[in-house]
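# Notes for the structure review
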Amino acid sequence: MEARFIAAIDQGTTGTRCMLFDRAGHVVASAYEEHRQIYPQPGWVEHDAWEIWYKTKKVIRAALDILRTEPNEIAAIGITNQRETTVVWNPHTGEPYYNAIVWQDTRTRDGCERLIADGAEEKIRAATGLPLATYFSATKLQWLLKNVAGLREQVEQGRAVFGNIDAWLIWNLTGAHVTDFTNASRTLLWNLRTREWDDELLARFQIPRALLPQLRASSDPKFYGYTRAAGPFGAEIPVCGDLGDQQAALFGQTCFDAGEAKNTYGTGNFILLNTGDEIIKSKSGSLTTCAYSIESHTTNYALEGSVAVTGAAVQWLRDNLGIIANAAESEALAQTVDDTGGVYFVPAFSGLYAPHWDMTARGAIVGLSRYSTKAHLIRATLEAICYQTREALEAMEQDADTKLTWLKVDGGATKNNLLMQMQADILGIPVVRPVVNETTALGAAYAAGLAVGFWEDLEALRANWQLDRVFEPSWDKARREEGYANWRRAVERARGWLQSSDHR
């Protein structure tokens, strides 16, 4: 039977999706499951790695059942994942030694600050393109090695391995302990120029090399491994695509040329600007990262503007405050008012990421008056998503010495037309939405499909991209700049909130 589909597993911060794509890049089946968010104490965010694997198996089976397809109709499997989230497990039993520590977690702030005080940040940034922040994997892994009883001894006995969520899923699917360059580039342990694990960084963080996965290309015709016949796919299928979620979205948006950019709206917002084979050192608060690699000899790089809390702020309105029943309701309620009534919300729940990199910032709502209603707060939450995007985008444009004339967007929140119109208004450039907004999964599928010849080349992928809608700016310059100036004033009130004795 002819292989007609590519499967993609998209393991995100709040849930897991399995999608099947045909040769035209159309979604033919999709299944999704949320998983728990675990908050042991303020600033700590964890996931149950076993639960993630259970949900992954569940959505795979559900997607196959929807289409009623046979396993041999699937040509290959691609993986995409929440980046930086850190898991350590026993490779003999599969048992995790601790919950996965999520990228949003801030428990390693003190360790980061000590390294900064010791003057380590510049050397680390020069090698990795990343600042010293709680965001990345190395300090989380360092924390696990220090705080999980007996873990160091397990490492010495060859009974522990580390990975981001991609490596955890690939290991469970195939038994192979691998990761790709994009995920490696988020650890603070991978050297951008050598494209290898960096021995000096490993020594600095006191992390044994034996813990680390094998490095592979994002699209690898040699395959990472085959799924087990007894596993959720029910057959031996090659797993040969792997990209961190934001790089997968860049790939799915077919931003293959230097100067092309996309913004993904999820738990956070992540803007990536393809810089081709050029490694651009940021001076403005952007990250330098691996964009993707097609086979091991071809690597593209990117500048990234990472915003920690955007969609998560809408979730907070729903789950913590209870002022909306679901995320979709935010659009309707925000449209009941013409503006925010002077309210600005800085959702710095995990500190501020790009371009500020302030681990001591915390959330702030300013400009409240007796006039303020929940509709104003909801609208201010949507505006916060857009203002944070503008801050990050401006830093990237300064680093790359370029000015974007349009921005491709994707992710679940792009279904919110009011949000997309606000984004165009606040940026002052058109916002371009594709037909397939789950481009993260699509990018993983493309990487796997290229590896097995399901798609011939990058031009074949470009031919699949289809426009849904363009949002043109409607605000005049005066309104745009006044709002942005007030947003920046609000940010200054959120910065530096935590004192050295605080651990939240």
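Placed above this text is the structure.
Attention in this report is confined to the structure presented alongside it. (Residues numbered from 1 in each chain as written. Predicted model: local features only at pLDDT ≥ 70, side-chain atom pairs only at ≥ 80, totals over all residues. Heavy atoms only, no water.)

## What about helix α14 (residues 439–451)?
The first and last C-alpha atoms of α14 sit 18 Å apart over 13 residues, in line with the 18 Å expected at 1.5 Å per residue. The element α14 is largely enclosed, with a buried count of 13 among its 13 residues. Gly453 occupies a position one or two residues after α14 and carries a positive phi of about 75°. (Helix = DSSP H or I, 4+ residues; strand = E, 2+ residues; numbered from the N terminus. Expected span 1.5 Å × (residues − 1). Buried < 20%, exposed > 50% of the residue type's maximum accessible area, 1.4 Å probe, protein only.)

## With respect to the packing of helix α10 (residues 311–321) against helix α12 (residues 374–400)
At a closest axis distance of 8 Å, the pairing of α10 and α12 adopts a crossing angle of 155°. Our classification of the angle between α10 and α12 gives roughly antiparallel. Along the contact surface, α10 presents Gly311, Ala313, Val314, Leu317 and Leu321, while α12 presents Leu377, Ile378, Thr381, Leu382 and Ile385. Residue classes in the contact of α10 with α12 are distributed as eight nonpolar, two polar and no charged. (Axes fitted to C-alpha atoms, helices over the stretch in contact; angles between N-to-C directions. Parallel < 35°, antiparallel > 145°, perpendicular 65-115°, else oblique. Contact = heavy atoms within 4.5 Å. Nonpolar A, V, L, I, M, F, W, Y, C, P; charged D, E, K, R; others polar.)

## Examining α10
Among the residues making up α10, those that are buried are Ala312, Ala313, Val314 and Leu317. In this structure, the buried residues of α10 make contact with α11 (329–334), β19 (344–346) and α12. Where α10 ends, the next residue or the one after it, Gly322, has phi of about 70°, a positive value.

## Side note on the packing of aromatic side chains
The geometry of two aromatic rings is summed up by the distance between their centres and the angle between their planes. Applying the stated criterion across every chain yields a total of 26 aromatic pairs. Aromatic side chains Trp103 and Phe270 sit 5.8 Å apart centroid to centroid with 75° between the ring planes, which places their arrangement in the edge-to-face category. Of this pair, Trp103 sits in the loop between β7 (100–101) and α2 (109–117) while Phe270 is found in strand β16 (residues 269–276), placing the two residues 167 residues apart along the sequence. Exposure remark for Trp103: the relative accessible area of 3% places this residue in the buried category. Through pairs of rings, three or more aromatic residues link up here, namely Trp103, Tyr135, Phe136, Phe270, Tyr353 and Trp357. In this structure, Arg83 packs its charged tip against the face of Phe270, placed 5.3 Å from the ring centre. Above the face of the Trp465 ring, Lys408 is positioned so that its terminal group lies 4.5 Å from the ring centre. (Phe/Tyr/Trp six-rings, centres within 6.5 Å; stacked < 30°, edge-to-face > 60°. Lys NZ or Arg CZ within 6 Å of the ring centre and 35° of its normal.)

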